[in-house]
Amino acid sequence: MVLELHVWGPAFSLPSIEAQCLATIAYFSQAVPKDAWVLVASSDPSVSPTGELPALRNGSTWVSRFRNIVDYLRQYSNGEWDLDGGLNGLQRADSIAFSSFLESRAQALVDLSLYVTSQNYYNKTSPAYGSILQWPNQWILPLKLHAAAKARTEHLGLSSLDLQAIEEQRQREHSAAVAAGQIPPNFIRRPRDTVTGLLGKASQQNQFRLDAVTDELFEPLEQILGEKTYLITGENEGPSGLDCLALGYLSLALVPDVPFSWLRDAMKSKSPRLTVLTERMRQQCYGSSVDVSHAYTPAQNSGSSLPWRAPERARLATLGNTLYNALADSTPILKDIRAQDRLRVAAESPDSGLSEPDGKKLSAFAQGQKKDILVNIAYVVGGLATLVGYMAYEGFFSGGEAEFEYDEDELENDEVHEMEPDSLQVKNILAGL
């Protein structure tokens, strides 16, 4: 049976826009025979039961994430499709340690470069998603991915790279100050900062911090590589899984032609040998430049080195499910309940990376939070029901009839009062006679 590898679609002349997908594609191209797998740019996490990409499908079996897929390939092929099969004990330990280091550092830098940096996101990343996503995901997923990347990098203190957020915050503060009367009227109208001006200010503020975070990734990797052909192996041994994982992240740092190329410039200046390795591995694993059309019209692009297969069109049920999930995640109370359910499922998953006691604690915490939300909802509903019952008992809902009767009485009184002047006039006439 042919294996199906589902990934996010091509972007930036690369076969995928996401680092883990790129790493998995690289591993397949080096370890799995070309006629044993197909590459599907589904660009929709909902195709997998795990809700994640990359996802490997083998019949009814689904496996997601780079490391899990690599482990599955090793077991499925009885070690034949294992790039790390020839590593000794020390090299295997180094591979595990360096992989964790790479994922923790490189993901944050890719997030900062392609998502948090406003010029890059709005000019390159967002349009790239628009070209690979079907409706309605093209309006939903980019915003979610953008928000997730900003949340993952918040601890780095480089939110000023997000010029759009800076401008929006400045406008909110200015409006609040005007409303509070803190700004004299002659200073209310201020010229709006240009993007160039904001970029200059942000660059000056962030340069020192950017140098620090890029040093934390590129300098150690350059030392690890040294004079070797690959990160932990020589030329005769070939690339390892670590090289494929590094290619996934580093190609997104080196290849995209973005307006603010601070990450690519840092990589070229601080890690020249790593830059050469990344470009060589890119050609070795992905072939020549990848176009979006390769993924969606593979029959017309037989010259591609990757075994593309066109993704299926989304079914009506899938579209309905997508819209429902988007609406549910935007509804305040329902959003919180779903978040706790996802946290519980992740904690109970064997792939969570948590120990069994920690997984149980996190699962219990998620269940407790969901229970608290439901109890609060029950209190609110009960209070409203009690209020409505009290109002019905006191007759608040029968006020229309009383009002109507009162109006009739008033009408009769008005008629009596209107007749009184005429009767007095008749009496006066009779008295005069």
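Residues numbered from 1 in each chain as written. Predicted model: local features only at pLDDT ≥ 70, side-chain atom pairs only at ≥ 80, totals over all residues. Heavy atoms only, no water.

Turning our eyes to something else, we now look at unusual backbone geometry. Residue L53 is joined to P54 through a cis peptide bond whose omega torsion reads 5 degrees. Looking at the secondary structure, you find P54 in the loop between β2 (37-40) and β3 (55-58). One non-glycine residue, S13, lies in the positive phi region at around 70 degrees. Among the secondary structure elements, S13 is positioned in the loop between β1 (3-6) and α1 (19-31). Positive phi outside glycine occurs at R65, with the angle close to 75 degrees. Here R65 is to be found in the loop between β4 (61-64) and α2 (66-76). (Helix = DSSP H or I, 4+ residues; strand = E, 2+ residues; numbered from the N terminus.)

Between side chains of opposite charge, pairing is possible as soon as their charged atoms come close. By the definition in use, this model includes 14 salt bridges. Close ionic contact of R74 with D82 constitutes a salt bridge, the shortest N to O distance being 3.1 Å. Exposure remark for D82: the relative accessible area of 14% places this residue in the buried category. The salt bridge partner of R273 is E227, with a shortest N-O separation of 4.0 Å. A residue pair is termed long-range when its members are at least 10 positions apart, and R273 in helix α10 (residues 272-286) and E227 in the loop between α7 (195-225) and α8 (241-254) qualify at 46 residues. (Salt bridge = Lys/Arg side-chain N within 4 Å of Asp/Glu carboxyl O. Buried < 20%, exposed > 50% of the residue type's maximum accessible area, 1.4 Å probe, protein only.)

These results come straight from atomic positions and should not be treated as a statement about function.
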